[in-house]
Amino acid sequence: MYAAATLAILVVILLPLVRALLGPTVYDRIAAMNMLGTKTILLIAAYAFLTDRHDLLDIALVYALINFIGVVAVLKLIEQGNFYTEGKTVVNNEQKMKEK
């Protein structure tokens, strides 16, 4: 049963991969990469139960946390342009010179 689930997850991984490559917007690509990470976590968990190596579940949990933090960081980078602001967009030097 776990072998069938593992094969099904491998097939389903192709769908977000195609969306990540063909997505019309950057947000579609980010959502596809998030789905790809989630499917990878499911694949690791199914493989852990298939091979009776339950220590791999810890790796899946860490990968889930890294996937979440990575998506939040990329979305912040896209929205604000950098990681360092506190909710404000940074005005570049050319815009400051135009204002003077």
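The rules behind each value
Residues numbered from 1 in each chain as written. Predicted model: local features only at pLDDT ≥ 70, side-chain atom pairs only at ≥ 80, totals over all residues. Heavy atoms only, no water. Helix = DSSP H or I, 4+ residues; strand = E, 2+ residues; numbered from the N terminus. Buried < 20%, exposed > 50% of the residue type's maximum accessible area, 1.4 Å probe, protein only. Contact = heavy atoms within 4.5 Å. Areas by Shrake-Rupley, 256 points an atom, 1.4 Å probe, with all protein chains shown as cover. Patch = residues over 30% accessible without salt bridge, like charges linked within 9 Å, V, L, I, M, F, W, Y side chains within 5 Å. Salt bridge = Lys/Arg side-chain N within 4 Å of Asp/Glu carboxyl O. Polar contact = N/O pair within 3.5 Å; in protein donor to acceptor, adjacent residues only side chain to side chain. Expected span 1.5 Å × (residues − 1). Axes fitted to C-alpha atoms, helices over the stretch in contact; angles between N-to-C directions. Parallel < 35°, antiparallel > 145°, perpendicular 65-115°, else oblique. Left-handed = near helix turned anticlockwise from the far one by under 90°.

Caption draft 1: Structural view of the overall build of the chain. The number of helices and strands found in the chain is four helices and zero strands. Ordering the α and β elements of the chain from the N terminus gives α-α-α-α. For the chain, the residues scored as buried account for 22% of the 100 residues in total. Long-range pairs, those at least 24 residues apart, make up 46% of the contacts in the chain between residues at least 6 apart in sequence. As presented, the chain carries roughly 7600 Å² of accessible surface, and 68% of it is formed by carbon and sulfur atoms.

Caption draft 2: Spotlight on a nonpolar patch on the surface. Taken together, Leu14, Leu17, Val18, Leu21 and Leu22 make up a surface patch of nonpolar side chains, about 510 Å² in accessible area. Position of leucine 14 among the secondary structure elements: in helix 1 (residues 2-22).

Caption draft 3: Representation of the environment of asparagine 67. You can see asparagine 67 is positioned in helix 3 (residues 56-80). Given a relative accessible area of 14%, asparagine 67 falls into the buried group. The spatial distance from the C-alpha of asparagine 67 to the C-alpha of threonine 38 is 8.0 Å, given a sequence separation of 29 residues. Residue contacts for asparagine 67: discarding those within four places in its chain leaves Met33, Asn34, Gly37 and Thr38. Within polar-contact distance, the side chain of asparagine 67 engages the side chain of asparagine 34 at 3.2 Å.

Caption draft 4: A look at the side chain of threonine 6. Within the secondary structure, threonine 6 is located in helix 1. Setting aside its immediate chain neighbours within four residues, threonine 6 contacts Leu43, Ala46, Tyr47 and Leu50.

Caption draft 5: Examining helix 2 (residues 26-50) more closely. Compared with the 36 Å implied by 1.5 Å per residue over 25 residues, the 36 Å span of helix 2 between its first and last C-alpha is a close match. Buried within helix 2 we find Ile30, Ala32, Leu36, Gly37, Ile41, Leu43, Ile44, Ala46 and Ala48. On the buried face of helix 2, the contacting elements are helix 1 and helix 3. Two residues or fewer after helix 2 comes aspartate 52, characterised by a positive phi angle close to 60°.

Caption draft 6: Seen up close, unusual backbone geometry. The phi angle at aspartate 52 is positive, at roughly 60°, despite the residue not being glycine. Position of aspartate 52 relative to the elements: it lies in the loop between helix 2 and helix 3.

Caption draft 7: Representation of the packing of helix 1 against helix 2 within the structure. Following both chains from N to C, one finds helix 1 and helix 2 inclined at 165°, their axes separated by 8 Å at the closest point. The angle between helix 1 and helix 2 falls in the class roughly antiparallel. In this structure, helix 1 crosses over helix 2, and the sense of that crossing is left-handed.

Caption draft 8: Here's a closer look at the pattern of salt bridges. Evaluated as defined, the whole model comprises one salt bridge. In this structure, the salt-bridge partner of aspartate 55 is arginine 53, at a minimum N-O distance of 3.6 Å. On the basis of relative accessibility, which here comes to 44%, the residue aspartate 55 falls in the partly exposed class.

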